[in-house]
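Fold and geometry: a report
Now for the letters of each chain:
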Amino acid sequence: MPSLHLQNVDWQADVHWFDFEDLCLLLDVNSGAVHIIDAPTRAVLEELRLQGVRGNYTAADWPTILPRSFEQWGADTVLEVCRELASRQAEGTLFTVDEVGRDYRPPQPLLQALCLHVAHDCNMRCRYCFAGGGPFGGERGLMDLDTGYQALDLLLKASGARPRVEVDFFGGEPLLNFNVVQALVTYGREKAAAAGKKISFTLTTNGLGLTPAVEEYLVANQISVILSLDGRPEVHNHNRRTLTGQGSYHLVVPREQHLVAAYEGGDYWVRGTFTRQNLDFTRDILHMVELGFRYLSLEPVVATPGEEYAIREEDLPLLATEYRHLAQAYLEARSKGKPFNFFHFNINPATGPCLTKRLTGCGAGTSYLAVDPGGALYPCHQLVGKREYCLGNVRQGILRPEIQEEFRQAHVYNQPACSRCWARFYCSGGCHAANLAVTGNLQEPAPVPCAIQKIRLEAALYVQVKKALGA
């Protein structure tokens, strides 16, 4: 019987097992391998973790190491479990060791993406808007062409040898400055081609400005779109309101449906927000599926804890149940030949994103920057307007490298609560802006968003295993 080598296993950081619906799953954190385990295997693992077992063990050691498991399941069963665990370890899919650890040194900043705030104004007044209805705490205004040009020049220059760069037109509502958007797309593609690079564009919109002419341009120019919709009419209308305070569902849905029908390749996402008022958000996802949308994302609201719509710690059990409902609804839709794509279920544990992205997430402040209408640079779109995080401007570049360095160093190995968390390679330490808003510390994750990430990740792992089994 092969030996088990557990001398380097961190039982908190390197393995995670959990029950989800009809399966008990075991995640080997460092390799990303996921195993389906039975009750005896779980019992053995629980006993090993409870004792903090570390060392090298052969069959002769197990009766002493695992007395409770031997008593409960019998020698033959426990020895078979240990044999199977050793086999999985030998193939490199269990009890693998973190090869990076605290020796990790993040790469120097190399820009890849810009979020261009072409409009700090909006034709809606959503109740939960972190931009305060468009101006991000400042003056309402639109980005001029010269500022946009200089932002794109900065992106192409600061991206170094990267062959691809990305731009997201954001706001407020970017369609309020659509002429500038069009001019920047033309300019960006010409300049990127001259530099030997590819540039891609995304536009995030609330849908009110989707006229036939806008739709024609977006489709013809292969602009990816992110469309805002929160789900059921009563849910959407409660938070997403026009300037007159009326619900916007009846205005945006037909426009978004028409645009999506024109996107043959599915180059869109319909992105919603759920709050404390609709913790039964699976119904909102299924409603959007009924409307004909297939590429969906639903995010927990970004809010300070005191807001009445903010999700609270006491809501977490309900959320755990709801993600189980969503996982089952997702699989049921697949079984009926009517699949939809839920963004947060799209994970591949074994071959996920590159190391840097796994450890630092979105790259805020380093590979990703936001630009306000006046050309000021910020680490991300959610921090725009917070002058303490202003990094510089598109004309002079980075003027406060010490702030950028803080974000560069905000990786999971520098975050005490994250460095030994089983989810560290999938949530990457959480959203920097959320951490700052809740804890005031880049290196201290916001507790509720952290818990939601883990709940959602377990659901995603379950979905991927069921798909692999043919569900």
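Details of the structure are given in the entry above.
Let me sum up the structure you'll find in this document.

1. Some details on the overall build of the chain
- If you tally the helices and strands in the chain, you get 16 helices and 17 strands.
- Taking 471 residues into account, the globule formula puts the C-alpha radius of gyration at 23 Å, and the chain, at 24 Å, falls close to it.
- Overall, the chain is about 75 × 45 × 45 Å in size when its C-alpha atoms are taken along their principal axes.
- The burial tally for the chain puts 53% of its 471 residues in the buried class.
- Counted over contacts in the chain with a minimum sequence separation of 6, partners at least 24 positions apart contribute 69%.
- Surface exposure of the chain reaches about 20500 Å², of which carbon and sulfur atoms provide 51%.
- Side chains of the chain give 44 positive and 52 negative charges; the mean places of these two sets differ by 3 Å.

2. Observations regarding helix H1 (residues 39-51)
- Taking 1.5 Å per residue, 13 residues should reach 18 Å; H1 reaches 18 Å between its end C-alpha atoms and fits that length.
- Those residues of H1 that are buried lie in contact with strand S2 (15-20), strand S3 (23-28), helix H2 (62-65), helix H3 (67-73) and helix H4 (75-90).
- Downstream of H1 by one or two residues, glycine 52 has phi in the positive range, about 60 degrees.

3. Describing the environment of leucine 79
- Looking at the element boundaries, leucine 79 is found in helix H4.
- The class of leucine 79 is partly exposed, set by a relative accessible area of 23%.
- Once the C-alpha coordinates of leucine 79 and glycine 374 are considered, the two residues, 295 residues apart in sequence, prove to be 68 Å apart.

4. Description of the sheet that holds strand S4 (residues 34-36)
- Spatial strand order, S2-S3-S4: three strands in an open sheet with antiparallel pairing. Each end of this open sheet is capped by a strand with a single partner; those strands are S2 and S4. Strand-to-strand twist in this sheet, taken as the mean axis angle between neighbours without regard to direction, amounts to 25 degrees.
- Judged from the six bridges that link them, S2 and S3 form a sheet pairing that is antiparallel. Residue pairing across strands places phenylalanine 18 opposite leucine 25, the latter belonging to S3.
- Along the sheet, helix H16 (residues 447-468) contacts S2, S3 and S4; its crossing angle with S3, the most-contacted strand, is approximately 105 degrees.

5. Here we look at the side chain of histidine 16
- Tracing the chain through its elements places histidine 16 in strand S2.
- Among the polar contacts listed, one links the side chain of histidine 16 to the side chain of glutamate 458, at a separation of 2.8 Å.
- Those residues in contact with histidine 16 that sit more than four places away from it in its chain are Leu25, Leu26, Leu27, Trp422 and Glu458.

6. Side note on the packing of aromatic side chains
- For the coordinates displayed, the defined rule picks out 17 aromatic pairs.
- Arranged with centres 5.3 Å apart and planes meeting at 80 degrees, the rings of tyrosine 268 and tyrosine 295 form a pair that is edge-to-face. Of this pair, tyrosine 268 sits in strand S11 (residues 268-274) while tyrosine 295 sits in strand S12 (residues 295-300), and the two are 27 residues apart along the sequence.
- Judged by relative accessible area, which is 27%, tyrosine 295 ranks as partly exposed.
- By way of ring pairs, the aromatic residues Tyr268, Trp269, Tyr295 and Phe343 are connected into one cluster.
- A cation sits over an aromatic face here: arginine 324 above phenylalanine 20, 4.4 Å from the ring centre.
- One Lys or Arg, arginine 424, reaches over the ring of phenylalanine 425 and ends 4.5 Å from the middle of that ring.

7. Quick notes on unusual backbone geometry
- The phi dihedral of phenylalanine 95 is positive, around 55 degrees, even though this residue is not glycine.
- Along the chain, phenylalanine 95 falls in the loop between H4 and strand S6 (113-120).
- Here phenylalanine 95 falls in the buried class, since its relative accessible area comes to 4%.
- Although it is not a glycine, serine 428 sits at a positive phi angle of roughly 60 degrees.
- With respect to the helices and strands, the residue serine 428 is situated in the loop between helix H14 (424-427) and helix H15 (432-439).

Each value, and the rule that gives it
Residues numbered from 1 in each chain as written. Predicted model: local features only at pLDDT ≥ 70, side-chain atom pairs only at ≥ 80, totals over all residues. Heavy atoms only, no water. Helix = DSSP H or I, 4+ residues; strand = E, 2+ residues; numbered from the N terminus. Rg over C-alpha atoms; globule rule 2.2 N^0.38 Å. Buried < 20%, exposed > 50% of the residue type's maximum accessible area, 1.4 Å probe, protein only. Contact = heavy atoms within 4.5 Å. Areas by Shrake-Rupley, 256 points an atom, 1.4 Å probe, with all protein chains shown as cover. Lys, Arg positive; Asp, Glu negative; His and termini not counted. Charge placed at Lys NZ, Arg CZ, Asp CG, Glu CD. Expected span 1.5 Å × (residues − 1). Pairing = 2+ DSSP bridges. Axes fitted to C-alpha atoms, helices over the stretch in contact; angles between N-to-C directions. Polar contact = N/O pair within 3.5 Å; in protein donor to acceptor, adjacent residues only side chain to side chain. Phe/Tyr/Trp six-rings, centres within 6.5 Å; stacked < 30°, edge-to-face > 60°. Lys NZ or Arg CZ within 6 Å of the ring centre and 35° of its normal.

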